[in-house]
Amino acid sequence: MTNHPQASPDAAGALKALAQAPAAELTETLLEICSSPGWAEAVAAARPWADRDALLAANAAAMAALTARDLNDAMAGHARIGKPKAGDATSEREQAGIQGVDSALLDELHLANAAYEAKFGHVFLICATGRTAATMLASLRERFPNDAATEAEIVRGELRKINDIRINRLLDEP
C-alpha cells in the first residue's frame, strides 16, 4: 500500500528526469534528501526506477543496508529537534511543530536533547513532520532508556520516513 497521492504527470516527469540525470547531478540531489553518501550511492544504483514506489523501495533497501558509519553520515545532515537550521527551508518546514511553542517547553526539549546526545553520541532523530514539540519531547523521553542497538534501528526507521517525505516532495513539487 502506498502512502502518497496518485502519481501526477508532473511526478512521472520528475521521476524520469531524476532517473536520467547525470551521475554527479543525481548524487547532489540525493544528498539533499539524505546526507549519507552510502545511501545516495545505493539509491542511484537502483535506477532507473519504474515508478515512485520503486524509488521509495530503493530508499527502504538503502536504509536497511546502511552501516553504523553511514547512519552517522545520515544523521549529520539533520538539525537538533527544537533548533531548525536557520535559513534551511527543509529544516524549518519539517520542524514547524516547534514554532510558537512556549520557552519552558523548548527548554525541556533542549535539556532532553542534551541528555540524549550525551548518552548516544548523536542528535535525537525523529520524523518531525506533523508532530508538535510536546509529542517530540514525549518520544524523546520514551526512547531515552533504549540501548544503543535498539535506538540505531529506530533511527534507521525514522530516517527512512524522512527520506520518503523528501522524495515525495521532490517528485510532487512543480
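Since the model is a prediction, treat every value here as computed from it, not as a measurement. For every chain, the first residue of its written sequence is number 1, and the numbers climb from 1 along that sequence. This being a predicted model, a pLDDT of at least 70 is required before a residue's local features are given, and a value of 80 or more before pairs of side-chain atoms are given or counted; all residues contribute to the totals for chains, interfaces and linings. Side-chain measures were taken over the full set of non-hydrogen atoms in the model, leaving aside hydrogen atoms and water.

A look at the pattern of salt bridges
Point 1. We define a salt bridge as a contact between a side-chain nitrogen of Lys or Arg and a carboxyl oxygen of Asp or Glu at a distance within 4 Å. Following the criterion strictly, the structure yields seven salt bridges and no others.
Point 2. Close ionic contact of Arg141 with Glu108 constitutes a salt bridge, the shortest N to O distance being 2.7 Å. Here Arg141 is found in helix 8 (residues 133–143), whereas its partner Glu108 is found in helix 7 (residues 103–120), with 33 residues between them in sequence.
Point 3. The exposure class of Arg141 is partly exposed, given its relative accessible area of 46%.
Point 4. Partly exposed residues are those whose accessible area sits between 20% and 50% of the maximum for their type, while under 20% is buried and over 50% is exposed, using a 1.4 Å probe and protein chains only. Accessibility expressed as a relative area gives 34% for Glu108, which makes it partly exposed. Working definition: helices are DSSP H or I runs of at least four residues, strands are E runs of at least two. Numbering for both runs from the N terminus.

Notes on the confidence of the model for the protein
Point 1. Residue-level confidence of the predictor, termed pLDDT, takes values from 0 up to 100. Averaged over all residues, the pLDDT of the protein equals 88, while 91% of them reach at least 70.
Point 2. Taken together, the stretch residues 1–7 has pLDDT below 50 and engages in 10 contacts with residues farther than four places along the chain or on a different chain. Note on contacts: a residue pair is in contact if any heavy atoms of the two residues lie within 4.5 Å.

Overview of the packing of helix 2 (residues 23–33) against helix 9 (residues 148–172)
Point 1. To obtain an axis, a line is fitted to C-alpha atoms, over the contacting stretch when the element is a helix, and the angle between two such axes runs from 0 to 180 degrees between their N-to-C directions. In the contact formed by helix 2 and helix 9, the axes pass within 9 Å of each other and the chain directions differ by 130°. The orientation of helix 2 with respect to helix 9, classified from their angle, is oblique. For the pair formed by helix 2 and helix 9, the contact residues are Thr29, Glu32 and Ile33 on the first element and Asn163, Arg166, Ile167 and Leu170 on the second.
Point 2. The nonpolar class holds Ala, Val, Leu, Ile, Met, Phe, Trp, Tyr, Cys and Pro. Asp, Glu, Lys and Arg form the charged class, and all remaining residues, Gly among them, are polar. Its residues assigned to classes, the contact of helix 2 with helix 9 comprises three nonpolar, two polar and two charged. Each angle is binned into one of four classes, with values under 35 degrees roughly parallel, values over 145 roughly antiparallel, values of 65 to 115 roughly perpendicular, and all other values oblique.

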